[in-house]
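What follows is the residue order along each chain.
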Amino acid sequence: MKKLTLTGYILISLALQVSVLVIRLVGAVITRNDALLFESFHIITDITVTAAVFAGIKIANSTRGLKYSYGLFRIEDLVSLAIALIIVYTALDILIYLPHSYAHSSFEAALFEVASLIPLLSSGLIKIRGGKVLRATSLVSDGYHNYSDVYVGVGVTVGLFLSYYTGQVIFYYLAVILAAGAILYTSISVGKDSIVGIMDLPKDKKVVPKIREIVTRNRDVWEIKTIKARWAGAVIFVELVVTVNSRLTIEEAHNVANALENSLKSEIPDIKDVVVHIEPSSSKDKVILLPVDNDGKISETFARSTHYKLLKYTGTVMTGSEVIDVRPQDIVAEKNALRVLEIAKNKGVTDVITLNAGKIILSVFEFNHIHIWKAQSQSVDENVFLFFHDGLERLLA
């Protein structure tokens, strides 16, 4: 089944609103009921608002917005705010008009009012569904506007029925007052999101933590400095500042930015654009891996070693150490390079000090931005000292 477009949702909702107008006008003529006549003029205003919503969405998504950094999506927030104010006006107008109105206890008028509520409610449902599918906030707001009219209609209907059966007009006034209260509540829910959007406040507090979670999953990102999410209508513009390994090339850093943008857009469909600012890490932390023998001296082999010493430094101060043992049966010639690389990546190794390293080892470690340095002796302490005083030669593939 073909999905409805914006025009389709608007046309269906307008057709339903016109049917409401026809039912109420016919009822006003037949029953000579002023309340139905007033409601008929009210629905004409609603049809005009729907047309304005359609125009606003079209402008917001037009090519004209391409000239501006954040497009024209915020027009939807302005339209939603206008609708919220219209809803408030509706409620206040009802309350002001109520003392001067006369409650016609007409059973037939109440039936016409009930009949008009069905297409009116359907119009609201269509707009809200369409607005959520198309991510058009102003269309959703207009749907809630229709709901407010339904509240009025229910109030009028209940009041007319109760007045008719009891002969007490107080029921009519109470029902309409309750309906006006419901309308004011609706205006708050409609206006809140639009005001939040205009003021650059988060419309959904779950979005930024979700962005953080997605970015954190990228192993190339070392630190998230800032996350900014800006709503404009239904879309979100995201700005990130992240730090990565300072050894990455420009092309590799660009690939990290592209990967982040693609991940965010695929997992959060409301995101329209992502700007990623990459900064090189200024961390002074070093994690050094050394192959060692049973006596704790640097081993003659790297990939085939059964013991590795891991040293953690902040600046030149050691903050931790660890010995990693490998089972002899795990040492397989064709898998040694990848096995040692896995150890290094899992431990966050930045540098390796070894007496020897084959071309395959040098290539895979260089590709992963882990530097390999040639040891000058079998002494761990001596070579670590030389490492921090630029006394070691770097091995290249």
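What this report covers is the structure whose coordinates are included nearby. (Residues numbered from 1 in each chain as written. Predicted model: local features only at pLDDT ≥ 70, side-chain atom pairs only at ≥ 80, totals over all residues. Heavy atoms only, no water.)

Remarks on the pairing of strand β2 (residues 235-244)
Okay, so step 1: Burial analysis of β2 places nine of its ten residues in the buried class, the great majority of the element.
Okay, so step 2: Pairing of strand β1 (residues 221-232) with β2 involves ten bridges; the strand directions are antiparallel. Among the inter-strand pairings, Val221 is bridged to a residue of β2, identified as Val244.
Okay, so step 3: Linking two consecutive strands that pair antiparallel, namely β1 and β2, is a turn of two residues; a positive phi of about 65 degrees is found at Gly233 within it.
Okay, so step 4: For β2 and strand β3 (residues 271-280), the ladder comprises nine bridges, and the chain directions are parallel. (Buried < 20%, exposed > 50% of the residue type's maximum accessible area, 1.4 Å probe, protein only. Helix = DSSP H or I, 4+ residues; strand = E, 2+ residues; numbered from the N terminus. Pairing = 2+ DSSP bridges.)

Considering the sheet that holds β3
Okay, so step 1: Across the sheet, which stays open at both edges, the three strands sit in the order β1-β2-β3 with mixed pairing between neighbours. Either end of the sheet is taken by a strand with one partner, and the two such strands are β1 and β3. Between one strand and the next, the sheet's axes are offset by a mean angle of 15 degrees, whatever the strand orientation.
Okay, so step 2: Its contacts with the sheet put helix α7 (residues 207-216) on β1 and β2, and the angle it makes with β1 is roughly 145 degrees. (Axes fitted to C-alpha atoms, helices over the stretch in contact; angles between N-to-C directions. Contact = heavy atoms within 4.5 Å.)

A closer look at the pattern of salt bridges
Okay, so step 1: Tallied over the entire structure, the rule returns twelve salt bridges.
Okay, so step 2: Between Lys210 and Glu267 there is a salt bridge, with its nearest N and O atoms 3.8 Å apart. Remark: Glu267 occurs in helix α8 (residues 250-267) and Lys210 occurs in helix α7; sequence separation between them is 57 residues.
Okay, so step 3: Given the relative accessible area of 29%, Lys210 is considered partly exposed.
Okay, so step 4: Residue Glu267 is joined to Arg217 by a salt bridge in which the shortest nitrogen-to-oxygen separation is 2.3 Å. Here Arg217 lies in the loop between α7 and β1 and Glu267 lies in helix α8, a separation of 50 residues in the sequence.
Okay, so step 5: Residue classification places Glu267 among the partly exposed residues on the basis of a relative accessible area of 34%.
Okay, so step 6: The network of salt bridges with shared partners includes Lys210, Glu213, Arg217 and Glu267. (Salt bridge = Lys/Arg side-chain N within 4 Å of Asp/Glu carboxyl O.)

Quick word on the packing of aromatic side chains
Okay, so step 1: Enumeration over the complete set of coordinates arrives at six aromatic pairs.
Okay, so step 2: Between Phe302 and Phe365, the aromatic rings sit 5.8 Å apart at their centres with planes inclined by 65 degrees, giving edge-to-face as the arrangement. Taken together, the residues span a long stretch of sequence, with Phe302 in the loop between β4 (285-291) and β5 (307-314) and Phe365 in helix α10 (residues 359-367) at a distance of 63 residues. Each member of the pair, Phe302 as well as Phe365, is classed as buried.
Okay, so step 3: Consider the rings of Phe387 and Phe388, whose centres lie 5.0 Å apart with planes at 75 degrees: the pair is edge-to-face.
Okay, so step 4: An aromatic cluster is present here, built from Tyr313, Trp373, Phe387 and Phe388 joined pairwise through their rings. (Phe/Tyr/Trp six-rings, centres within 6.5 Å; stacked < 30°, edge-to-face > 60°.)

What to know about the side chain of Gln17
Okay, so step 1: If you trace the backbone, Gln17 turns up in helix α1 (residues 6-31).
Okay, so step 2: Here Gln17 falls in the buried class, since its relative accessible area comes to 0%.

Quick word on the sheet that holds β4
Okay, so step 1: The six strands are arranged β6-β5-β4-β7-β8-β9 in an open sheet whose pairing can be described as mixed. Since the sheet does not close on itself, it has two edges, and those belong to β6 (317-325) and β9 (393-395), each with one partner. Going from strand to strand, the sheet's axes swing by 30 degrees on average, the running direction of each strand aside.
Okay, so step 2: Pairing analysis gives seven bridges linking β4 to β5, with the strands arranged antiparallel. In the strand pairing of β5, Val287 is matched with Lys312.
Okay, so step 3: Packed onto the sheet, α10 meets β7 (351-354), β8 (371-374) and β9 and runs at close to 135 degrees relative to β8.

Observations concerning a nonpolar patch on the surface
Okay, so step 1: Taken together, the side chains of Leu92, Leu95, Ile96, Val154, Val158, Leu162, Ile170, Phe171, Leu174, Ile177 and Leu184 present a nonpolar region at the surface, about 860 Å² in accessible area.
Okay, so step 2: Those elements giving two or more residues to the nonpolar patch turn out to be α3 (74-97), α5 (137-166) and α6 (170-198).
Okay, so step 3: Ranked by residues supplied to the nonpolar patch, first place goes to α6 with five residues.
Okay, so step 4: Of note, Leu174 is situated in helix α6.
Okay, so step 5: Here Leu174 falls in the partly exposed class, since its relative accessible area comes to 45%. (Patch = residues over 30% accessible without salt bridge, like charges linked within 9 Å, V, L, I, M, F, W, Y side chains within 5 Å. Areas by Shrake-Rupley, 256 points an atom, 1.4 Å probe, with all protein chains shown as cover.)

Take it as geometry only, folks, not as evidence of what the structure does.
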